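# Breakdown of the fold
Next come the chains, spelled out residue by residue.
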Amino acid sequence: MTIQPQIELLSVNKHYGGFHALKDINVTIPKGSFVALVGPSGCGKSTLLRSLAGLESISGGEIRITGKAVNDTPPRHRDVAMVFQSYALYPHMSVRDNMSYSMRLRKASRAEIDAAVADVAAILGLGDYLDRKPNALSGGQRQRVAMGRAIIRNPKVFLFDEPLSNLDAALRVHMRKEIRALHDRIGATSVYVTHDQIEAMTMADHVVVLKSGVVEQQGAPLSLYDTPATKFVAGFIGSPAMNFVGGIVGDTGRAVTLDLPGAPSLPLARTMEPRRQVDVGLRPEHLSIETGGAPGIETTATSVESTGSVTYLYCGGDPEIVVVLSERERISQGDPVNLTIAPDKIHLFDPETGAALR
Amino acid sequence: MRSRRLLNGYPKMKRLLSSVTDGKGFDILLVSLPLLFLLAFSGLPLLYNVLMSFQEVDIFSLGRLIRPFIGLDNYRELFAAPEFWPIMWNTMLFVVCSIAGQFTLGLALALFFDTGFRGSSFLRGLFLVSWVMPGLVVGAIWNWILSGDFGVLNYLLTSSGLISENIFWRSDVDYSLWAVVLANIWLGTSFNMILLSVGLAGIPKDLYEASELDGANILQRFSTITLPMMRSTIGAVISLGLIFTLQQFDLFAAITSGGPANSSNVAQYWAWELSFRQYDFAKGATVSTLMIITVMIAAVLYVRSTRHEVRI
Ligand SMILES: Nc1ncnc2c1ncn2[C@@H]1O[C@H](COP(=O)(O)OP(=O)(O)OP(=O)(O)O)[C@@H](O)[C@H]1O
Ligand SMILES: [Mg+2]
């Protein structure tokens, strides 16, 4: 993979009237990589994607595609293809015509069109549906047509705006793999918007977490999981979400006391500023139940859910602590439990700014 | 509870009541009332009209239903009348030019207002004024506008240098039909615009975005997205336009009275003239029957075009 930037966003800003939707976005996307934009609803993911496509004009900064500034380039000259959340298939055209629309616009020859359509239809398994209108297709098939319409153009960049959100869970998992495989196969550069962190984590090489128009953190999926830069990212990445408990660093700086009944104290792997207020982040899958009297959080199980493969344990009240256990445990509601965690798995955040304390 | 016990003794009442509450059969009841109304006040006169076109009718036999049957004589005489073909030609010109004008202006305005600039919906609403005005009033207004001596239109045309001499729109055989066409275009444009606006608003915006990304310029977007997506609306607008235009009577009565020398006479006005000016009711009915056939063809086209709506 060559490390040549395909897309560069340089302090991109976007205002909708008085509303500041994108604030100083800086992202560099290498050629051939798969980038996911994640964040909660309304954080500006679609706005950013549409700005890339040229469907929205940005108010400040610069967008470059293969090194050229495209701020003033209309969408049709940007050589990007987009898969819409609604698919936006042309309802009056057959699948074949939907996919070949761009080729017909540039007056490609009949033979060229037929070959390209056959190719793409084979990749996507749409061969049997070429003469159907979109309203005679299932959701998954429509999704494929929308992808086909993008693939056939062989563009510099693929943009996806939550393409899987209208599909059922099983199909979503399947298409997730398929889109990624397709990306690798055609060696494209893709930007993928989703509000589903699992999609982002599983599909992307590089994840950009947005919150209220600001890039909270970007990096490789696992680095976001292992070393979240902020409390927001820590809570957003990972499922079930990280538990947060208020706390205060002990006098020695080597332990943290939690704001929980009984004021349990957990050892830390590093020395922190003594008597500092912190927010403590504990991932559910890093907690385990200990019977041997090691220092931990003494609490009671308020509810137990088992899916067969894992067990979800909900402990205490205020705040509730979720634990994921991969072993089947004979714990039932109301049992006392002692929760422990490896010291190096404890995340600490500044309660004011939310920044991670390292 | 009590009412149910009361009704137990009256199975018919119960069935009727349950047909209302369940909706079973109630729909038929609802439809049958307007249908009966239509039959009584539109269907029967229509049939009576067709019947009359095959009979010999004079002022004395007018009140009777059974009259001498003369087969196609009325039609034969009508086709042989010297004014028949000129009037049919006028009707065709009137219909085609009115619809073309109304549709083109209506579509242009609909596209203009669809850009959604500030105040566009208010302005669009104002355009409806022309549509809610009665044809006779519109006719009176256009009489002033078109007036040969002091009309605004002549003033505009002379002062912009397009003509050097006043045109007597209503009394010049070369212009009288166009005077009515002009007024009718004005009258029908807003109706076209509103229907076309609704059609335009029904096209999802992301289709335009997708086609723009696919490389379509504005003309290509219009021809590959807007027009095909509007097909059923356009079909409906044109068929309704045909029906309304063939019904347009008030403007002729108000502006030219079909004259001079039948130069602006059209079938619908001629039918009225034959029946109520010349008291040749059979001929009037014959012209009407010819128009019924034309309108029915338009109605079939209209129904077909709405049935072929693109589902999204
Ligand atoms: N045309 C507009 N005018 C004004 N504000 C807008 C406009 N479009 C979007 N916004 C605002 O910009 C913010 C970002 O919108 P955007 O559609 O990018 O969110 P998103 O991250 O895609 O959310 P979702 O996950 O719900 O799709 C939102 O707060 C939204 O209200
Ligand atoms: Mg969105």
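Reading guide: rules and limits
- Residues numbered from 1 in each chain as written.
- Chains lettered and ligands numbered in written order.
- Predicted model: local features only at pLDDT ≥ 70, side-chain atom pairs only at ≥ 80, totals over all residues.
- Heavy atoms only, no water.
- Helix = DSSP H or I, 4+ residues; strand = E, 2+ residues; numbered from the N terminus.
- Expected span 1.5 Å × (residues − 1).
- Bend = angle between axes of the 7 residues up to and from the residue.
- Near = heavy atom within 4 Å.
- Polar contact = N/O pair within 3.5 Å; in protein donor to acceptor, adjacent residues only side chain to side chain.
- Areas by Shrake-Rupley, 256 points an atom, 1.4 Å probe, with all protein chains shown as cover.
- Nonpolar A, V, L, I, M, F, W, Y, C, P; charged D, E, K, R; others polar.
- Pairing = 2+ DSSP bridges.
- Axes fitted to C-alpha atoms, helices over the stretch in contact; angles between N-to-C directions.
- Parallel < 35°, antiparallel > 145°, perpendicular 65-115°, else oblique.
- Contact = heavy atoms within 4.5 Å.
- Core = buried A, V, L, I, M, F, W, Y, C linked by side-chain atoms within 4.5 Å.
- Buried < 20%, exposed > 50% of the residue type's maximum accessible area, 1.4 Å probe, protein only.
- Domains from an automatic or database assignment.
- Buried area = accessible area lost by both parts, 1.4 Å probe.
- Salt bridge = Lys/Arg side-chain N within 4 Å of Asp/Glu carboxyl O.

Compared with the 39 Å implied by 1.5 Å per residue over 27 residues, the 38 Å span of helix 3 (residues 26–52) of chain B between its first and last C-alpha is a close match. The largest bend in helix 3 of chain B comes to about 40 degrees, at Leu 39 of chain B.

Residues and elements named next belong to chain A. In the vicinity of ligand 1, the contacting residues are Tyr 16, Phe 19, Ala 21, Ser 41, Gly 42, Cys 43, Gly 44, Lys 45, Ser 46, Thr 47 and Glu 162. Separating an oxygen atom of ligand 1 from a side-chain N or O atom of Ser 46 is a distance of 2.6 Å. Protein chains shield 59% of the accessible area of ligand 1, which is 630 Å² for the free molecule. Sorting the residues of the shell around ligand 1 by element identifies strand 2 (19–30) and helix 1 (45–53) as the ones contributing at least two each. Sort the elements by how many residues they give to the shell around ligand 1 and helix 1 lands first, with 3 residues. Looking at the shell around ligand 1 residue by residue, the class counts come to 4 nonpolar, 5 polar and 2 charged.

Our next topic: the sheet that holds strand 10 (residues 214–219) of chain A. Residues and elements named next belong to chain A. Reading across the sheet, the 6 strands line up as 6-7-8-3-9-10 and stay open at both edges, with mixed pairing between neighbours. Each edge of the open sheet is held by one strand with a lone partner, namely strand 6 (80–83) and strand 10. The mean angle between the axes of side-by-side strands here comes to 15 degrees, regardless of whether they run parallel or antiparallel. Here strand 3 (residues 34–38) runs beside strand 8 (residues 189–194); their pairing, made up of 5 bridges, is parallel. Directly across from Leu 37, in strand 8, lies its bridge partner Val 193.

Our focus in this paragraph is the sheet that holds strand 16 (residues 297–306) of chain A. Residues and elements named next belong to chain A. Here 5 strands make up an open sheet; going across it, the order is 15-19-16-17-18 and the pairing antiparallel. In this open sheet, the two edge strands, each paired with only one partner strand, are strand 15 (288–289) and strand 18 (321–325). Direction of pairing for strand 16 relative to strand 19 (residues 336–340): antiparallel, over a ladder of 4 bridges. Among the inter-strand pairings, Glu 298 is bridged to a residue of strand 19, identified as Asn 338.

Another point: the packing of helix 5 (residues 84–114) of chain B against helix 14 (residues 267–276) of chain B. Residues and elements named next belong to chain B. Across the interface, helix 5 lies against helix 14 with an axial gap of 9 Å and an inter-helix angle of 135 degrees. On the basis of their axis angle, the class for helix 5 and helix 14 is oblique. Here Phe 84, Ile 87, Met 88, Thr 91 and Phe 94 of helix 5 lie close against helix 14, whose contacting residues are Ala 267, Gln 268 and Trp 270. Classifying every residue of the contact of helix 5 with helix 14 gives 6 nonpolar, 2 polar and no charged.

With 53 residues, the main nonpolar core has Ile 25, Leu 159 and Val 191 of chain A as its most contacted residues. In terms of residue count, the dominant contributor to this core is helix 5 of chain B (5 residues). Sequence-distant contacts of Leu 159 of chain A, that is, excluding residues within four places in its chain, are made with Leu 49, Leu 52, Ala 53, Val 80, Ala 81, Met 82, Val 83 and Val 191 of chain A. Within the second largest apolar cluster, 47 residues are counted, among which are Phe 34, Tyr 87, Ala 150 and Phe 236 of chain A.

In this section: the domain arrangement of chain B. All names here are of chain B. Each domain of chain B was delimited in the assignment, giving domain 1 (2–52) and domain 2 (76–311). Its C-alpha centre places domain 1 at a distance of 38 Å from the equivalent point of domain 2. Contacts between domain 1 and domain 2 engage 4 residues on the former and 6 residues on the latter. Of the roughly 410 Å² buried between domain 1 and domain 2 on both sides combined, carbon and sulfur atoms contribute 68%. The interface formed by domain 1 and domain 2 contains 0 salt bridges. In this structure, the connection of domain 1 to domain 2 is made through 2 residue pairs in polar contact (both at pLDDT 80 or more). Here the residues of the side of domain 1 that touches domain 2 sort into 3 nonpolar, 1 polar and no charged.

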